[in-house]
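Examination of the molecular architecture
For reference, the chains in residue letters:
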Amino acid sequence: MADNQSANIQALLSALNVFTRAPDKTSLENANSWLQDFQHSPEAWSTCNVLLLSPDAPPAAKLFAAQTFRSKVTYDLHQVDPSNLLPLRDTLVTALERYQSGPKTIITQLCLALSGLALQLPAWDNALQSIVETFGANPATVPVLLQFLTILPEEVSGNTRIPVTDDEYRERSTKLLSDNSEQVLGLLSMYLQATGVTHAVQSQIFDCLRSWLVAGEVDMPAFGKSPLLAFAFEALASEELFDSAVDVVCEMIHETQEIDDNMPVIELIVPRVIALKSRLEDQKDDPEKIRGYAKIFAEAGETYRLLILQHTDTFYPIVEAIGQCSAYPDLDIVPITFPFWMRLAQTIGKKTTISPLFGEAYKALMGVVIRHLHFPPDLASMTGQEADNFRSFRHVMGDTLKDCCLVLGADACLLSAYGLITMALSRGPQSISWQEIEAPLFAMRSMGAEVDVMDNTAVPKIMDLIPSLPIHPRVRYAALLIISRYTEWINRHPDYIAYQLQYISAGFEDPDPEVSAAAGQALKYLCQDCKQHLIEFLPTLHTFLTTTGAKLSQDDRRQVYEAIAYVISAMSMEKAAESLRTFSLDILSQIHAISSKSTAVTKQELKEVGYGLENLEVMLHVVGPFGDQLPAACQNSCQEAWSIFDTFVSKFAFDYDTSERATRVLRHGITLFGQSALSVASSVLSRMVTSFEATGFSSFLWISGKFVGRFGHESDPVLRNAFQTLYERATNKVVSLLQSKDPRDIPDVLEDYVQLLLQLIRMAPDVFFQSSAFPLAFRATMAALTLIHSDLVFASLDLFRDILTHESLTPSSSPPPKFPIYSSAIKAVMEKEGFEFVGYMLSGLVGDFPEDSTAIVVTIFRAVALLWSTQLVAWLPPILQQLPPSSTPNQVKQQFLLDVTNSLNTAQYDKVKYSILALHRASRKARDRRRVTPLNQA
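Procedures and definitions
- Residues numbered from 1 in each chain as written.
- Predicted model: local features only at pLDDT ≥ 70, side-chain atom pairs only at ≥ 80, totals over all residues.
- Heavy atoms only, no water.
- Helix = DSSP H or I, 4+ residues; strand = E, 2+ residues; numbered from the N terminus.
- Buried < 20%, exposed > 50% of the residue type's maximum accessible area, 1.4 Å probe, protein only.
- Contact = heavy atoms within 4.5 Å.
- Areas by Shrake-Rupley, 256 points an atom, 1.4 Å probe, with all protein chains shown as cover.
- Lys, Arg positive; Asp, Glu negative; His and termini not counted.
- Charge placed at Lys NZ, Arg CZ, Asp CG, Glu CD.
- Axes fitted to C-alpha atoms, helices over the stretch in contact; angles between N-to-C directions.
- Parallel < 35°, antiparallel > 145°, perpendicular 65-115°, else oblique.
- Nonpolar A, V, L, I, M, F, W, Y, C, P; charged D, E, K, R; others polar.
- Core = buried A, V, L, I, M, F, W, Y, C linked by side-chain atoms within 4.5 Å.
- Salt bridge = Lys/Arg side-chain N within 4 Å of Asp/Glu carboxyl O.
- Expected span 1.5 Å × (residues − 1).
- Arc of directions from axis to C-beta.
- Patch = residues over 30% accessible without salt bridge, like charges linked within 9 Å, V, L, I, M, F, W, Y side chains within 5 Å.
- Phe/Tyr/Trp six-rings, centres within 6.5 Å; stacked < 30°, edge-to-face > 60°.
- Lys NZ or Arg CZ within 6 Å of the ring centre and 35° of its normal.

A few words now on the overall build of the protein. Helix and strand counts for the protein stand at 48 helices and zero strands. Reported as C-alpha extents along the three principal axes, the dimensions of the protein are approximately 95 × 90 × 55 Å. Residues classed as buried in the protein amount to 53% of the 938 residues present. Relative to all contacts within the protein whose residues are 6 or more apart in sequence, the contacts with residues 24 or more apart total 75%. Of the roughly 41700 Å² of accessible surface on the protein, 51% is carried by carbon and sulfur atoms. With 76 positive and 105 negative side-chain charges, the protein shows a separation of 4 Å between the mean positions of the two kinds.

Viewed as axis vectors pointing N to C, helix H31 (residues 538–548) and helix H33 (residues 573–596) meet at an angle of 0 degrees, and their least axial separation amounts to 12 Å. As the angle between them shows, H31 and H33 are arranged roughly parallel. Together, Leu538, His542 and Leu545 of H31 and Ser579, Thr582, Phe583 and Asp586 of H33 make up the contact between the two elements. Its residues placed into classes, the contact of H31 with H33 shows three nonpolar, three polar and one charged.

Looking now at the environment of Asp332. Structurally, the position occupied by Asp332 is in the loop between helix H19 (312–326) and helix H20 (338–349). Of the residues examined, Asp332 reaches a relative accessible area of 56% and is grouped as exposed. Sequence separation between Asp332 and Phe393 is 61 residues, and the spatial gap between their C-alpha atoms is 9.4 Å.

In this section: the nonpolar core. Counting residues in hydrophobic clusters, the biggest one holds 332 residues, and the most contacted among them are Met252, Ile803, Phe837 and Leu842. In this structure Leu842 touches Phe861, Leu876, Ile879, Leu880, Leu883, Phe896, Ile916 and Leu919, once residues within four positions along its chain are discounted.

To continue, consider the pattern of salt bridges. One pass over the full model with this rule turns up 36 salt bridges. Across the pair Asp742 and Arg744 runs a salt bridge, and its minimum N-O distance is 3.1 Å. For the salt bridge of Arg801 with Asp798, the shortest nitrogen-to-oxygen distance reads 2.8 Å. Of this pair, Arg801 and Asp798 both sit in helix H43 (residues 790–804), three residues apart, roughly one helical turn. Connected through salt bridges with shared partners, the residues Asp555, Arg558, Glu614 and Arg661 form a single ionic network.

Considering the arrangement of structural elements, one finds Gln502 in helix H28 (residues 497–508). We classify Gln502 as exposed; its relative accessible area is 54%. In sequence terms Gln502 and Pro467 are 35 residues apart; their C-alpha atoms lie 9.3 Å from each other.

All right, on to helix H47 (residues 890–905) then. Residues spaced three or four apart along an α-helix face the same direction, because each turn holds 3.6 residues. In a regular helix each residue adds 1.5 Å, so 16 residues correspond to 22 Å; H47 covers 22 Å between its end C-alpha atoms and thus fits that length. Turning to H47, its buried residues are Val892, Lys893, Phe896, Val900, Thr901, Ser903 and Leu904. Looking straight down H47, one finds its buried side chains confined to an arc of 160 degrees; they lie on one side. Among the exposed residues of H47, those pointing more than 90 degrees away from its buried face are Gln891, Gln894 and Asn905.

Quick look at the environment of Ser823 now. Within the secondary structure layout, Ser823 lies in helix H44 (residues 819–845). Separated by 16 residues in sequence, Ser823 and Glu807 have C-alpha atoms that sit 8.7 Å apart. If we ignore the near neighbours within four places in the chain, the residues touching Ser823 are Ser808 and Leu809.

Okay, a negative patch on the surface next. Taken together, the side chains of Glu154, Asp207, Asp243 and Asp247 present a region of like negative charge at the surface. Along the polypeptide, Asp207 turns up in helix H11 (residues 199–214). You can call Asp207 partly exposed: its relative accessible area is 37%.

Right, let's talk about the packing of aromatic side chains for a bit. Considering all chains together, one arrives at 24 aromatic pairs under this definition. Aromatic side chains Trp489 and Tyr496 sit 5.4 Å apart centroid to centroid with 55 degrees between the ring planes, which places their arrangement in the tilted category. Taking the relative accessible area as the measure of exposure, Trp489 reaches 2% and is therefore buried. Classification of Tyr496 by relative accessible area gives buried; the value is 16%. Every member of this aromatic cluster is reached through a ring pair, and the members are Tyr727, Phe768, Phe769, Phe774, Phe778, Phe800, Phe819, Tyr822 and Phe837. Of note, Lys289 hangs over the ring of Phe242, and the distance from its end group to the ring centre comes to 5.0 Å. Cation over ring: Arg394 sits above Phe442, and NZ or CZ is 4.3 Å from the ring centre.

Next up, the structure:
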């Protein structure tokens, strides 16, 4: 036995030694896997005890030993004979005494282990008291005691992996924490006041106090009588203790949120909080101090907001202090205050009357926020990341402006921002900066959601102001986005549309791409919300496209097409069809021209056609279907459009981007033409499968699946034959790809292929099951189960469920004529592929299948157990043998095999469900455990 232990130690030291070098990835993974497997073993208890207490063991080995004790107390306490549990406690306490001087990492791991053991060991009746007695009397060991007392509530309340029942947890947590809270407060008070106490120990005391507060284990009335409350505020004057004291003060305030129960303590806390207000001015040059005070004031404001409203005279200084923090120039500190303003505004919104002081506070806040919104004078001084962060933060500040609207009213806030602009403009163009105009404009945009669409006070002034704003790209950008935000208001005030269109049109001509993009967005929303009023402007928009459209970037052009589509969608059906045809023919003629070109097509020409396809796609998406009866203007459009697309796809299928865009347009064509598309369906499917065979691009499978889904119920023999041809040729191509490529290289092809199979089995089962492609399709779909790709795995599992639970497999006295053929095909495939299929299923279940897929796996296994029970019993042993022990420990495999076998032998097929669920839980627990400790840091 000693030889075994010695061998274990040598192997462990060798594995740990790998991490001290710079090894290859394989060596690292092998060493890490060995260490994790060793941690799971029963031998690890004794081996780690020897290492931990050995003076000659290297530091990494000692830390690993301590980590292992913590891990095994959490997961493997069942390996210890009950009679050895108290000796295990003594071993850990002895080790903690040995390492009282450090290193801290080992002390922490041992404290975690002891905390976990205390929760699971009722026989350790006086756990906390015994640790206090062991480490609390000697000043040299008090830091160890404080570390244990800090970790205990965190581990007891936070480590959900410890296997105890709810009743056991309630009993032990009460015994360990609630019953000892008063004693802990007394100890901390005593240590804090001890002669010669160091800042390091005081900091530990505050950390410990915070831990008990966070766990909710401090009785606040008792805490109010403790000197700890006053000490925490006094410590704010100490450089060394400031951060710890801020955390404690915030937590003590938070713990008094039950106002009625804690008024005596609140009366002690609030004067001390208010007394800190003067420090905001005294220490304004120290951002870290201001950050700490901002946290305290914000926590007090949020917790006591009802008291602030009820007793404004007493509590209002807290609001003033938070206002000062909001006005602080450091924008990392400012957002600490935002949750307070939001919650106070929500509370004020429920009150019928409030003190005018709050109106003044929110007016001041709005002015502060708009000042913070100002871009710096020199934008070039900001790095790209800083600029992005500032832009993101502006939107956060915009939410706070909405809080101001809730208190002050949207009209008042808008007029205030409007006043800032008019005041700046009154000084003349030479003495104002663009930032003074842009920031209030941004504020108006942020507050747009709060505006009443019937407003006739503030918004008309803003709309009248826009055309007279200075011509600066940032100002124009902000103004265009205001138009985007206020389009619902403009819909109720259509007289402004002509002016807005002029301003938007000018925006498209601005050389700044951001301004042009904002113009596209403004036009899109204007057309979306005011579409009825814009019908008369449609010829103007068409002229704009034909004259200016070519100068726009594709993103802007696409937004214009989308805007036009919204207007078309508001027209009568006949006029909408005519307008859609007009705009579509511009694009289709472009496609026809490039398809008919006898000379080589340039990349730029193909790119432009791709843009046209994008624009056609967005129009068709917005306009949507016309219904079962097509308008006259569309009667022959389907065949005409397909003849153009057929030639185009045949010529340019090899260009990936082009094929993607073309098939997306075809998808919207199905929606637009509906049943009328049946006349071209066979031709489309033929072209798509030919293109897929030639290119291997998944988009051709994707659109084929959409056609099968739309017309799968049709009985036309030509179409059924097209389905079969598609199925067989697509399957042969996928099988060919899998012979030359790893499934990981073609996830898009596999996903669209499986989706096509799902449409076939559901819409055309006669084609799906009777074809010679069925066994190949089954096998190809199994390959998809090996990928870490949630959508693909779900689709594959859905397909297997549809196959293995098909109605044809259910015995019936008078089945439909083709059901015996379907049933025979399914059984033949399972006889051949069943062993490998079950292997894939179990491997995925204990491996990388998505968490939510377990229910589908259960359904599939129940079907297999019901119809192939004899084979399943024979398949399982070798399959389970192949599953990695890291995800499926041997005892779990044995239990699963026993449970499934018993279920099958007793014909209790429903119990297979519980076997699968138990296997899944056990494997997940094993995998979670391996992710807990980064052993390469040992």
